[in-house]
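In case you want the letters, here they are:
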Amino acid sequence: MNKALLLDRDGIINHDLAYVHKVADFSFTDHIFSLCQQAKALDYFIIVVTNQAGIARGLYTEQAVRELHQWMIAEFKKADIDIQKAYYCPHHPEHGGLQYQHNCLCRKPMPGMLLQAKREFDLDMSQSVMIGDRESDVKAALAAKVNRRILVKSDYTQADNLDDTAATEIVECLSEIKF
Ligand SMILES: [Mg+2]
Ligand SMILES: [Zn+2]
């Protein structure tokens, strides 16, 4: 079996400017490359799991997200980092019409994307790590039985009640995370 570093995208890989869908708006966070290099050196697969309800809201297309992710993965590759796959959920429970309005199992805090990654990459979730900046990220990880669940503080976590968080660690900055 394999172990994975599971990464939320907005707020973890790129600065969360809300509904980022173009290269021009995609700026990598500090420390994400060094973090991924550490993970790679320890044989973690690196997998992205991101809610992209902007698709259901009609703000951008799935094709735009796929192209952005191809570019993002190529940028990581330039730093000798392999991203095995970037999963996205295009749905929203209240928007998106026939195609995308859906109480799906993939929109975090549901664990669908993580469980799909588990199947596709034969992941041992007990050896895997999830990093996100919302409670919904660590809740999805708990539901998928990911043992190490790291919440990076953000504007979103301030709104969440951290007294009963599903996180096993809370950090201010990606640079605090050690493997
Ligand atoms: Mg996020
Ligand atoms: Zn979904």
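Here the residue index of a chain counts from 1 through its sequence in written order. Labels follow written order: the first chain is A, the first ligand is 1, and so on. Predicted model: local features are reported for residues with pLDDT of at least 70 only, side-chain atom pairs are reported and counted for 80 or more only, and whole-chain, interface and lining totals are derived from all residues. By convention in this description, side-chain values take in all heavy atoms of the structure and omit both hydrogens and water.

- For the protein chain, the name recorded in an unreviewed UniProt entry is D,D-heptose 1,7-bisphosphate phosphatase, with Catenovulum adriaticum as its organism.
- UniProt positions are given in the numbering used here, feature names are shortened, and annotations may be inferred rather than shown by experiment. The annotation that UniProt attaches to the protein chain under Subcellular location (unreviewed entry) is "Cytoplasm".
- Reading the Sequence similarities (unreviewed entry) entry of the UniProt record for the protein chain gives the comment "Belongs to the gmhB family."

### Quick notes on the overall build of the protein chain
Link 1 in the chain: Under the scheme used here, helices are H or I runs from DSSP no shorter than 4 residues and strands are E runs no shorter than 2 residues, and both carry numbers assigned from the N terminus. Assigned secondary structure in the protein chain consists of six helices and six strands.
Link 2 in the chain: Secondary structure elements in the protein chain, listed N-terminal to C-terminal, are β-α-β-α-β-α-α-β-α-β-α-β.
Link 3 in the chain: For the radius of gyration, the atoms used are the C-alpha atoms, and the globule rule reads 2.2 Å times the number of residues raised to 0.38. Relative to the 2.2 N^0.38 estimate, which gives 16 Å for 179 residues, the radius of gyration of the protein chain is 15 Å and therefore close to what a compact globule would have.
Link 4 in the chain: Based on the C-alpha atoms only, the size of the protein chain along its principal axes is roughly 40 × 40 × 30 Å.
Link 5 in the chain: For every residue, the accessible area (1.4 Å probe, protein chains only) is compared with the maximum for its type, and the residue is labelled buried under 20%, exposed over 50%, or partly exposed between those bounds. Relative to its full complement of 179 residues, the protein chain shows a buried share of 47%.
Link 6 in the chain: Only the protein chains shown count as cover for residues, and all accessible areas are computed by the Shrake-Rupley method using a 1.4 Å probe. Split by element, the accessible area of the protein chain, about 8,800 Å² in all, is 49% carbon and sulfur.
Link 7 in the chain: Positive charges come from Lys and Arg, negative ones from Asp and Glu, while His and the chain ends are left out of the count. Think of each charge as sitting on NZ of Lys, CZ of Arg, CG of Asp or CD of Glu. Across the protein chain, 20 positive and 25 negative side-chain charges occur, with their mean positions spaced 4 Å apart.

### Points about the coordination of the magnesium ion (ligand 1)
Link 1 in the chain: Protein coordination at the magnesium ion (ligand 1) comes from D8 (OD), D10 (O) and D133 (OD), with a distance range of 2.1 to 2.2 Å.
Link 2 in the chain: For Na, K and Ca the donor cut-off is 3.2 Å, while for other metals it is 2.8 Å, and in both cases only N, O and S atoms qualify; water is not among them, so sites may look incomplete. Sequence spacing of the donors to the magnesium ion (ligand 1): D-x1-D-x122-D. Here D10 is found in the loop between β1 (3-7) and α1 (32-41), whereas its partner D133 is found in the loop between β4 (129-132) and α5 (135-143), with 123 residues between them in sequence. Accessibility classification places D10 together with D133 in one group, the buried group.

### Some words on α5
Link 1 in the chain: Buried residues of α5: E135, S136, D137, V138, A140 and A141, and no others.
Link 2 in the chain: Those residues of α5 that are buried lie in contact with α4 (112-121), β4 and β5 (148-152).
Link 3 in the chain: Of the residues trailing α5, K145 is marked for its positive phi of about 65°. Working rule for contacts: check all heavy atoms of both residues, and any pair within 4.5 Å makes them a contact.

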